[in-house]
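A structural walkthrough
Chain residues, written in single-letter form:
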Amino acid sequence: NNRYFQLAMFLALLMALFLPDLWVILNQADNSVLDVLLTLVGVLFVFEVSVQSIGMHKTYLYSFFFWMDVLGAASLLLDLSYITQLDQEVGGDDVSNNVIIMRAARIAKLGARAGRFTKLAKLLRFLPGMGNVDDGAGTAKLISSKLITALSTRTSCLIILLVMIMPLFNLWAYPEEDWSPNSFINILEACYMRYPARFQQQLTEITAFYDQKSYHPWRVRARNMQHPVEVTNALPWNSPNGPPTRMSNNVVFTSDHLIVEFNFMSPNQLDAWMNIILLLIVMILMIAFSLILSQSVSSIVLKPLEQLLTQVRQMASTIFQSVTDMEVVMKEEAKDDRSEESVEDAKKFGNETQLLAKVVQKLAVISEITMNKPVLDAQTLQNLAEGDRAVISGFQGTIQDTEFADRGDVENGLDMEAIELAQRAMVENAGLSMELIDSWNLNPLELDKARNHVAAMYFCSSHNHGVEFDSVVMGNFLSDAESGYVKSAPYHNWFHAVDTTHGVYRMLQLYAADAYLTREERYAVLVSAVCHDIGHPGLNNGFLVETSHELALRYNDKSPLENMHCSKMFELVGQARCNIFSTLSKTQYHEVRKVCVEAILHTDNAQHFSMIKDVQMLYEVNSDLWDASRNLFLQEDEPCLAQEAIECLRLPDNRKLVLNLTLHTSDISNSMKPFRISRIWAWQVLEEFFVQGDAEARLGVPVQALNDRNTVNRPFSQVGFIEFLVSPLIFAAMKILPATEHLAVQMLMNARSWQKQWEAEGKVPPSDSDKKLLNERIIKMENKFRTSQAGKNPPEKLERN
């Protein structure tokens, strides 16, 4: 693409096209200098082919221009006199007397001309509209350029082929020749044989005939033998014009006794002029048709296409928040390999067509997510064991959408620093440490009632959300909420409530949620965690529906437990001594109630997979934004999201999704905590399942697969729970909330720990094939985790969390 190299090759091409004919017109004595120049031109042609074959081997090698360059370089051999002997004198007798030989000579002449026009094909790359388009050109201009190149190439080749092929139609016709040189020597030969005395007169008369011709005899001489005296006196005869300067202009005719040499300088020069004119006409036609095609393509293709692609950009801007940022990313990706012409074209197309492709891809992903397609496909489910399918059996349902208006935070007069100091003092006086509170090592099962109460008070404290409340009322609310939990439930008890509230507290911290969630929203999701399982009987919704339990009948089989939890929470709040929302205005109360109800209802496992789809949708619609935000998060020392990501999360629907995601993730977060704690909670939840299974057996209803204490392998069931339920949710969440990535890391470590325990503690040792199968499943999870990562996560980021 170097401008000087292109200029040098263009000059070399002009030399190859016109120098041989100019040499004839200038009547140079020999072709030695011409041969040197054409040899240098041939070396340049070979160098050009080699450079382009190496530098652009994907787009140039074996392309149209490659073959034209090869033929053009090869045809140059036809103009080199030391190969074709073009500068030697020409014999006329045999040619004049043998039609086949004359036709062969004509073919050779047409072959040389064909070689000249083959080189002319190299000129196509310099025609208007056929050069490289600037990097900044849009898709429409690039398409227009490529269309002009294709049309101009074909039209120009057609013109060249017509000029080359048309003379072939006369190839087999009887040759049209000027027989006067043959007649000249025949007449002299006849006079020599019959009337030697008249030879001088005859020679004078016949040479005078050529005075009006463009060619003429310049020398007549006798062969080396005995001749009549009259002939010897007349010969040798030389024309006063002298011999031709170029040997190729000297045409020799012979007879039995005489040799006549003609000077064909003028006809050869005329033929050279005609060749040059023909070349110029073909070049003019090529350029003219190229310009006409360029204008036609511009009016027919370029302008309408530019209008269409302008609409594409407008459409894309509604899907992507920043089309410009995405184009910058595309251009940076295109810098990986600039040596290929195809890469240059791809870069130029990046403005609109790659944008359109990315939009279509984005829409396809969104369409796939929004379709009623399960997260786990049928084939995966079919390949699962009965125990694995049981893990998923209760996690199906539909999503309900409600509106939630954004109102923003309002500053109040609370002294947050004083409140936080007081709360910290309360925690430390209870024998807890802030280091434990602010980590994932807190386990409410290992704390007594007083410490759990203090921890819950600290999690709901005003300094964590900014909403004012009476601490006495909050104490009453927490005490009555604790009393509302069924103490006999092995898992869904007050300890689980405190554990879930701790999870919400930690996640709001890691998310830097105060940047996009309002005070009331953060307050609502924290107190929702306190009551999200209040009154839980230790039986799941499936059991309640199967046994026609009072709750199932009351709530029409739709999330009976979750509806009951919401009802009991607001029954508590309805008591003046427990009304933690008494300081809110009526509008604020209604908004808080919506958040509480929505978040608690979404703890129903039937909402699990639809929530995953919602999170996936949020990421796919704004994937470039979230990837850039994650990169910023990895670069900062403190929890931080890009401003564009914060603005996106401030949208009402997105805030609602984050709130529901936070409570639900905290509710099932045991698998993402240190394995020691995770194992304790796993035993608790399995024991609750087994108690329900015992009840199912007593009542004669089908025993759910995970509820049979005699058949369930505990470690193996936990791997399935992680693989099919927890990992899809956390892998989706970490794309928009990168602070949760360390939870996914811990979850994968727990899966490996459960694998080891399954292999070591099973009643029946697993077979090698079973071990291999489970190991492959965990490896697949680990690969999904890497795919979900927008980049490599530095170890220090995991340690910070």
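Residues numbered from 1 in each chain as written. Predicted model: local features only at pLDDT ≥ 70, side-chain atom pairs only at ≥ 80, totals over all residues. Heavy atoms only, no water.

Below, the discussion takes up the overall build of the chain. Assigned secondary structure in the chain consists of 35 helices and five strands. In the chain, buried positions account for 49% of the 801 residues. Taking contacts inside the chain between residues at least 6 apart in sequence as the whole, the part at least 24 apart equals 77%. (Helix = DSSP H or I, 4+ residues; strand = E, 2+ residues; numbered from the N terminus. Buried < 20%, exposed > 50% of the residue type's maximum accessible area, 1.4 Å probe, protein only. Contact = heavy atoms within 4.5 Å.)

Turning our eyes to something else, we now look at the packing of aromatic side chains. Taken as a whole, this structure holds 23 aromatic pairs when the rule is applied. Three or more aromatic residues joined by ring pairs form one cluster here, namely F184, F209, Y210, Y215, F253, F262 and F264. Above the ring of Y195, the side-chain terminus of R198 is found at 5.5 Å from the ring centroid. The ring of F570 has R593 sitting right over it, with the charged end atom 4.6 Å from the ring centre. (Phe/Tyr/Trp six-rings, centres within 6.5 Å; stacked < 30°, edge-to-face > 60°. Lys NZ or Arg CZ within 6 Å of the ring centre and 35° of its normal.)

Looking now at a nonpolar patch on the surface. A cluster of nonpolar side chains, contributed by L270, W273, M274, I277, I281, L285, F289 and I292, occupies part of the molecular surface with about 730 Å² of accessible area. Owing to a relative accessible area of 34%, L285 belongs among the partly exposed residues under this scheme. (Patch = residues over 30% accessible without salt bridge, like charges linked within 9 Å, V, L, I, M, F, W, Y side chains within 5 Å. Areas by Shrake-Rupley, 256 points an atom, 1.4 Å probe, with all protein chains shown as cover. Salt bridge = Lys/Arg side-chain N within 4 Å of Asp/Glu carboxyl O.)

Turning our eyes to something else, we now look at unusual backbone geometry. Omega for the bond connecting L235 with P236 falls within 30 degrees of zero, at -5°, which places this linkage in the cis form. With respect to the element layout, P236 can be found in the loop between α10 (229-234) and β3 (237-238). One non-glycine residue, S548, lies in the positive phi region at around 55°. With respect to the secondary-structure elements, S548 resides in the loop between α23 (541-546) and α24 (550-554). Owing to a relative accessible area of 47%, S548 belongs among the partly exposed residues under this scheme.

Direction vectors running N to C along helix α32 (residues 714-736) and helix α34 (residues 768-788) enclose 10°, while the axes themselves pass 10 Å from each other. By the angle class used here, α32 and α34 are roughly parallel. Facing α32, whose interface residues are F716, V719, G720, I722, E723, F724, S727, F731, M734 and K735, α34 presents L774, R777, I778, M781, K784, F785 and S788. Residue classes in the contact of α32 with α34 are distributed as 10 nonpolar, three polar and four charged. (Axes fitted to C-alpha atoms, helices over the stretch in contact; angles between N-to-C directions. Parallel < 35°, antiparallel > 145°, perpendicular 65-115°, else oblique. Nonpolar A, V, L, I, M, F, W, Y, C, P; charged D, E, K, R; others polar.)

Our next topic: the state of the cysteines. One pass over the structure, following the stated rule, counts zero disulfides. Here C566 stays unpaired: no disulfide links it, and the sulfur of C596, its closest cysteine neighbor, is 8.1 Å away. This cysteine, C578, is not joined by any disulfide, and C531 carries the nearest cysteine sulfur, 9.5 Å off. (Disulfide = S-S within 2.5 Å.)

Here we come to the nonpolar core. One finds I437, M474, F477, Y516 and F581 to be the most contacted residues of the largest nonpolar core, which totals 107 residues. Ranked by residue count, the leading element in this core is α32, at 11 residues. Not counting residues up to four positions away in its chain, the partners in contact with I437 are V427, L432, L442, A455, Y458, F459, H502, Y505 and R506. (Core = buried A, V, L, I, M, F, W, Y, C linked by side-chain atoms within 4.5 Å.)

The terminal C-alpha atoms of α32 lie 32 Å apart, and with 23 residues this matches the ideal 33 Å at 1.5 Å per residue to within 8%. The largest bend in α32 is about 45°, located at V726, with the proline P728 one to four residues further on. Across the 23 residues of α32, 19 count as buried, placing the element largely inside the fold. The N-capping residue of α32, defined by a side-chain oxygen 3.0 Å from the backbone nitrogen of F716, is N713. (Expected span 1.5 Å × (residues − 1). Bend = angle between axes of the 7 residues up to and from the residue. Polar contact = N/O pair within 3.5 Å; in protein donor to acceptor, adjacent residues only side chain to side chain.)

Turning to the pairing of strand β2 (residues 216-222), a few remarks are in order. Pairing of β2 with strand β5 (residues 258-263), which is carried by six bridges, proceeds in the antiparallel orientation. Each bridged residue has a counterpart across the sheet, and for P217 the counterpart in β5 is F262. Examined bridge by bridge, β2 and β3 share two bridges and lie antiparallel to one another. Within the sheet, the bridge partner assigned to R219 lies in β3 and is N238. (Pairing = 2+ DSSP bridges.)

Okay, the pattern of salt bridges next. In this structure the tally under the stated criterion is 16 salt bridges. One salt bridge in this structure joins E647 and R650, with 3.2 Å as the shortest N-O distance. Residue R650 is classed as partly exposed on the basis of its relative accessible area of 32%. Linked by salt bridges that have partners in common, R219, R221 and E261 make up one network.

Quick look at helix α19 (residues 449-459) now. By the burial criterion, the buried members of α19 are N452, V454, A455, A456, M457, Y458 and F459. Buried positions along α19 lie against α17 (416-429), α18 (434-437), α20 (471-484), α21 (494-511) and α22 (519-531).

This prediction gives the chain a mean pLDDT of 80; 75% of its residues lie at or above 70. The low-confidence segment residues 336-350 (pLDDT under 50) makes 36 contacts with residues lying over four places distant or belonging to another chain. Every residue in residues 791-801 scores below 50 in pLDDT, and together they form 22 contacts with partners more than four places removed in sequence or on other chains. (pLDDT = per-residue confidence, 0-100.)

Running from N to C, α20 and α22 cross one another at 35°; their axes reach a closest spacing of 9 Å. Each of M474, F477, L478 and A481 in α20 lies in contact with α22, whose residues at this interface are Y523, V527, V530 and C531. Grouping the constituent residues of the contact of α20 with α22 by class yields eight nonpolar, no polar and no charged.

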